[in-house]
Amino acid sequence: MAALFLALALSAEPLPEKYRAWLEDVDLLLSAEERTAFLALTQDYQRDAFIRRFWEVRDEQPQTPRNELREGWEIRVQEARKRFGTLDDGRARVLLFNGIPDEVVLSGCPDVLWPLEVWYYDRSERTKAQLVVVLYQKWGAGKYRIWNPLDRIDALLADGAALINGPRSPGIGGCRDIEHSTRIAKAVGWVAAQGMGWQMLEAKLDSPPPPPSKEWVPTFSSYSTDLPEGAPVFNARLDVEFPGKRQSRTVLQGILAVPVSEISPVQLAGSRTYNFLLTGEVVREGELFDSFRYRFDLPAFQGESQAGTLPLIFQRSLRPGEYTLIVKLEDMGSGRFFRAERPLSVPAVENGMPPPPPSDPETAQLMEAANAALAGGETVLQILEPFGELKTGMNRFDTVTSADISKVTFALDGHAVLTKRTPPFSVELDLGSLPRPRLLAATAFDASGREIARDELLVNSAYNRFRVRLAEPRQGQSYQSSVPVRAEVEVPDGESIERVEVFLDDARVATLFQPPWEQVLFLPQHASLAYVRAVAFLADGSSTEDLVFVNAPEYLERIDVDFVELYASVLDRRGRPVQGLEAKDFAVSEDGVRQEIARFERVTDLPIHAALVLDVSASMEGSLGQATDAALAFLQGAVRPKDRAALITFNDRPNLAVKFTRDVDALAGGLAGLKAERGTSLYDTIIFSLFYFNGVKGQRAIVLLSDGKDEGSRFSYDDALDSARRAGVAIYPIGLGEELEKRKLEKIAEETGGRAFFLKDVSELAGIYAAIQEELRSKYLIAYQSTNTGGGAGGDEFRAVDLKVSRPGAEAKTMRGYYP
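Report on the accompanying structure.

**A closer look at helix α13 (residues 664-671)**
For α13, the complete set of buried residues consists of Val664, Leu667, Gly670 and Leu671. Buried residues along α13 cover an arc of 115° about the axis, so they all sit on one side. The N-capping residue of α13, defined by a side-chain oxygen 3.0 Å from the backbone nitrogen of aspartate 665, is aspartate 663. Just downstream of α13, glycine 673 is the residue with a positive phi angle, here 70°.

Laid out in structure tokens, this is it:
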């Protein structure tokens, strides 16, 4: 608290009482970095946004509408002030960190003890067990503190007082109420009996919760539109227009006209680019309504070909109303800034309403093609996914459409299957007997046959789909001077998009850090053919992309080239991983044709997604305890910050116990309280586990423990093997006991690049898990672009992959092939 008052005293501007009070309330939670960043803010709307974000990053269940931590903390702050009149006291600190005690016993012996309170918790939030805390006021003045056995009992006693032994139990001499003094003495004895363990216990109950990632503070600060003190500036012009709407919101389009004479290009390796960082805020009724950030990396021709003016475009979607728009533009080449602030009246825009032209005629001409799409209105086409998981057999797919659609063509896995010319625009499809990923596309056309909308749905995509799709520009549509870009992103459960980069041909021109993922690009003069590419990134560096050709001729044929990634283990004759190999030590062929290795990397630091699959059928009853202990040890050692693990249990049906997470405590919770019962659906579980990996990229592994044969699965062994060959997930079966079909488990492992293990006693399991963990961390990533651009049977024939290693006595293990 003293540090807080010092910081407030040193701040340049007096802080409004509302924010001073908030700082006092959260002083025990606030990190030094957070306090410094908050005190540096100059506007109330920025402070309000900071406070909202402060609680959001601490919300342990962000998927729920409530923030339980914030609600609980505010209740405790109110209770602490009510009881003690201040938060700057040991009692308030214990209450804030551990909650309101179940019982409080006061000393009642002012002549014998310094003022003292004993707090009883039936179950402390921090220790998850019964807790007794003794708090006292040394010398009868100042703040209460927690009594520590190292301070000895004498620290609690007033001068001349002493502990005595009464007829029934220890008491405190001079206290008339023997029963009362006995309870206090027992509480002191309980704390003293903890011995050296009390130090760790006190550290847990008297320490603030760990702060969230420090990254949120600099990220928040980077969105500030304030200029650094003494920053050099340059001249530019800000225009705004409202060219259309997205759903119920009006599109605000900002155009920054930057004179080339005011900025400096960055020259690197013979190339010249203009690099900018744009930060913006939209304020409504004194509160931060929206904040955004863009990075622009523009080839020099875009400035030099437009009479010395470089236009930068940004778009936001706002409800009609009154706002204030603030933008800060930093020229990375010169280190200078432009800042503008203006009131903003956002109108309601109807479809077909022509947008007002930008004040600059040249910019207006450039924007004409891009704005035409927005002014024409938004055509709605959305495929609705049928209810349920693991979709097989006949399924009906309906769509949501707008009235301007004349016909819809459906395609499954790239092959047209049906064209509907009258609503309802729906299709019934046979998805086959196995739950495989199938891509359903729907394309809408107007009365003239022009494509006006498109949607795609990956059937059987599970929870982990990471995908970006360019909804605009549209393939086959003509664009002149500018092209609108709109990306739609699907994100795995529990993840978030770090950024989306937009490329024109091979040059990155814009980086978007928050939705909507929309941007206008200017096309080079006299360019007849170009392509737009959008690349989405997760925080762990994972990426996915989509590409669309612009102004492509009708005869342009797009050839899909498969980029094949092999995660390979290399083992010596004793089954130990071989380290230190290089790309030249490997040779890879596909269907007998030698392939050129395009990427080679050790897997040590690459993210791993692993599913631990555990048999909890009745036959596991005697082994389940040791199996869960070994599984927990495996997860504790295998899950690193970039990795994710899931827990799947099964008996007569599979169950997703814990979704992909890096939280080992959550995984441990999934292992707690398991009960062995019912039968064994092994093949259903393998297919279910593979299904859960749909959409996950990179190294993937299933570690499966079972002690019996399959009993009553819906799917057969051949179904499981076929699904395993298609999925590209390494499977490590572990067989316990003799009631196993070993050859079938070995075959599944061989086909997927895993390894099968068989043991007679569950005590051997820890060593098997350790060997699998070592193997997962010792793999090589070998990638190549397949030279096979065709393929019979609709391109769905299995392609055999053969990987050889030149090291004598070593064997390379990877998937035996794939389906394109």
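Anyway, onward from the coordinates.
**A word on the environment of glutamate 565**
Take glutamate 565: it is sitting in strand β30 (residues 563-571). Exposure remark for glutamate 565: the relative accessible area of 30% places this residue in the partly exposed category. Residues within four places of glutamate 565 in sequence aside, it is in contact with Arg599, Leu781, Ile782, Ala783 and Met815.

**Considerations on empty space enclosed by the protein**
Counted under the stated rule, the structure contains four cavities of 30 Å³ or more. Estimates place the volume of the largest cavity at around 100 Å³. The wall of the largest cavity is formed by Ile608, Ala610, Phe634, Leu635, Ala638, Val639, Asp643, Arg644, Ala645, Gln773, Leu776 and Arg777. Of all the secondary-structure elements, those providing two or more residues to the lining of the largest cavity are β34 (608-615), α12 (624-638), β35 (644-650) and α17 (765-776).

**Concerning the nonpolar core**
Of all hydrophobic cores here, the largest spans 61 residues; its most connected members are Trp22, Phe38, Phe50, Phe54, Trp73, Val118 and Val134. Setting aside residues no more than four positions away along its own chain, tryptophan 22 makes contact with Leu30, Phe38, Phe50, Ile51, Phe54 and Trp55.

**Regarding unusual backbone geometry**
Here proline 423 and proline 424 are connected by a cis peptide whose omega angle stands at 5°. Relative to the helices and strands, proline 424 is located in the loop between β19 (415-420) and β20 (427-430). Following glutamate 472, the chain continues to proline 473 via a peptide bond in cis, the omega torsion being 0°. When you line up the elements, proline 473 lands in the loop between β23 (467-472) and β24 (482-490). Located in the positive-phi region is aspartate 413, a residue other than glycine, with phi close to 55°. Assignment of secondary structure puts aspartate 413 in the loop between β18 (407-412) and β19. Unusually for a residue other than glycine, arginine 678 sits at a positive phi of about 65°. Locating arginine 678 in the fold gives a position in the loop between α13 and α14 (682-692). Since its relative accessible area comes to 42%, arginine 678 is described here as partly exposed.

**Some words on the packing of aromatic side chains**
Counted according to the given criterion, the structure contains 27 aromatic pairs. Both rings, one in tryptophan 114 and one in tryptophan 139, keep their centres 5.5 Å apart while their planes meet at 65°; by these two values the pair is edge-to-face. One end of the pair, tryptophan 114, is in the loop between β1 (103-106) and β2 (116-121); the other, tryptophan 139, is in the loop between β3 (131-136) and β4 (145-146), and 25 residues separate them in sequence. For the pair phenylalanine 292 and tyrosine 294, a centre-to-centre distance of 5.9 Å together with 70° between the ring planes defines the contact as edge-to-face. Owing to a relative accessible area of 0%, phenylalanine 292 belongs among the buried residues under this scheme. By relative accessible area, which is 1% here, tyrosine 294 ends up buried. Cluster of aromatic residues (ring-pair linked, three or more members): Tyr19, Trp22, Phe38, Phe50, Phe54, Trp55, Trp216 and Phe220. Across the ring face of phenylalanine 513, the terminal group of arginine 293 is positioned such that the distance to the ring centre comes to 5.7 Å. Over the ring of tyrosine 819 we find arginine 726; its NZ or CZ atom is 3.7 Å from the centre of that ring.

**Side note on the environment of glutamate 68**
Along the chain, glutamate 68 turns up in helix α5 (residues 68-84). Under the relative-accessibility criterion, glutamate 68 is labelled partly exposed at 32%. Linking glutamate 68 and tryptophan 55, residues 13 residues apart in sequence, is a C-alpha distance of 9.8 Å. In contact with glutamate 68, not counting residues within four places along its chain, are Asp59 and Gln61.

**Concerning the sheet that holds strand β37 (residues 699-706)**
Across the sheet, which stays open at both edges, the six strands sit in the order β36-β35-β34-β37-β38-β39 with mixed pairing between neighbours. Looking at strand neighbours, the two that pair on one side only are β36 (654-661) and β39 (757-759), the edges of this open sheet. Neighbour-to-neighbour, the strand axes of the sheet open up by a mean angle of 15°, direction not taken into account. Packing of α13 onto the sheet brings it into contact with β34, β35 and β36, and relative to β35 it is tilted by some 5°. Strand contacts of α14: β34, β35, β36, β37 and β38 (730-736), with the helix running at about 25° to β36, the strand carrying the most contacts.

**With respect to a nonpolar patch on the surface**
Taken together, Val380, Leu384 and Val400 make up a surface patch of nonpolar side chains, about 190 Å² in accessible area. Structurally, valine 380 is set in the loop between α11 (361-375) and β15 (381-383).

**Describing the pattern of salt bridges**
Oppositely charged side chains are able to pair whenever their charged atoms sit close together. Tallied over the full model, the rule gives 55 salt bridges. Where glutamate 79 meets arginine 83, a salt bridge forms, and the shortest distance between an N and an O atom there is 2.7 Å. Of this pair, glutamate 79 and arginine 83 are both found in helix α5, four residues apart, which corresponds to roughly one turn of the helix. Notably, a salt bridge pairs arginine 339 with glutamate 341, separated by 3.5 Å at the nearest N-O pair.

**Some words on the packing of α12 against α13**
Interaxial distance between α12 and α13 falls to 10 Å at its minimum, and their mutual angle equals 170°. Here α13 runs roughly antiparallel to α12, going by the angle between their axes. The chirality of how α12 crosses α13 is right-handed. Between α12 and α13, the residues in contact are Thr628, Ala631, Leu632, Leu635 and Gln636 and Val664, Leu667, Ala668 and Leu671, respectively. When its residues are assigned to classes, the contact of α12 with α13 shows seven nonpolar, two polar and no charged.

The rules behind the values
Every chain is numbered independently, its residues counted from 1 as its sequence is written. Predicted model: local features are reported for residues with pLDDT of at least 70 only, side-chain atom pairs are reported and counted for 80 or more only, and whole-chain, interface and lining totals are derived from all residues. Computation of side-chain values covers all heavy atoms of the structure but excludes hydrogens and water. Each residue's exposure class comes from its accessible area (1.4 Å probe, protein chains only) as a fraction of the maximum for that residue type: buried when under 20%, exposed when over 50%, partly exposed otherwise. Under the DSSP-based scheme used, a helix requires at least four consecutive residues in state H or I and a strand at least two consecutive residues in state E, with every element numbered from the N terminus. Working note: the arc is built from the helix axis to C-beta atom directions. As used in this structure description, the phrase polar contact means that two N or O atoms lie within 3.5 Å; if the pair is within protein, one of them must be able to donate a hydrogen and the other to accept it, and residues adjacent in sequence are counted only when both atoms belong to side chains. Residues count as neighbours in contact if any of their non-hydrogen atoms are within 4.5 Å of one another. Site definitions follow a grid-based scheme: protein atoms alone, a 1 Å grid, a 1.4 Å probe that fits but cannot get out for cavities, and for pockets an open set with protein on both sides within 12 Å along at least five of seven lines, plus lining residues having an atom within 4 Å of a point. Grid points are joined across faces, edges and corners, and a volume is the space filled by probe spheres set on the points. Put simply, a nonpolar core is a bunch of buried Ala, Val, Leu, Ile, Met, Phe, Trp, Tyr and Cys residues held in one set by side-chain atoms that sit within 4.5 Å of each other. Centres within 6.5 Å are what make two rings of Phe, Tyr or Trp a pair, Trp counting through its six-membered ring; a difference in plane orientation under 30 degrees is then read as stacked, over 60 as edge-to-face, and the rest as tilted. By definition here, charges over rings are those cases where NZ of Lys or CZ of Arg is within 6 Å of the ring centre and within 35 degrees of the ring normal. Strands were regarded as paired on the criterion that DSSP finds at least two bridges between them. As a rule, the C-alpha atoms of each element are fitted with a line to give its axis, helices using only the stretch in contact, and angles between N-to-C directions run from 0 to 180 degrees. Two joining distances apply to patches: 9 Å for like charges and 5 Å for nonpolar side chains (Val, Leu, Ile, Met, Phe, Trp, Tyr), and every residue must have over 30% relative accessible area and no salt bridge. Residue-level accessible areas treat just the shown protein chains as cover; the underlying method is Shrake-Rupley with a 1.4 Å probe. Salt bridges are defined by distance alone: a side-chain nitrogen of Lys or Arg within 4 Å of a carboxyl oxygen of Asp or Glu. We call two directions roughly parallel when the angle between them is under 35 degrees, roughly antiparallel when it is over 145, roughly perpendicular when it lies between 65 and 115, and oblique otherwise. Note on convention: near helix rotated counterclockwise from far helix by under a right angle means a left-handed crossing. Clockwise means right-handed. Any residue that is not Ala, Val, Leu, Ile, Met, Phe, Trp, Tyr, Cys, Pro, Asp, Glu, Lys or Arg is counted as polar, Gly included; the first ten are nonpolar and the last four charged.

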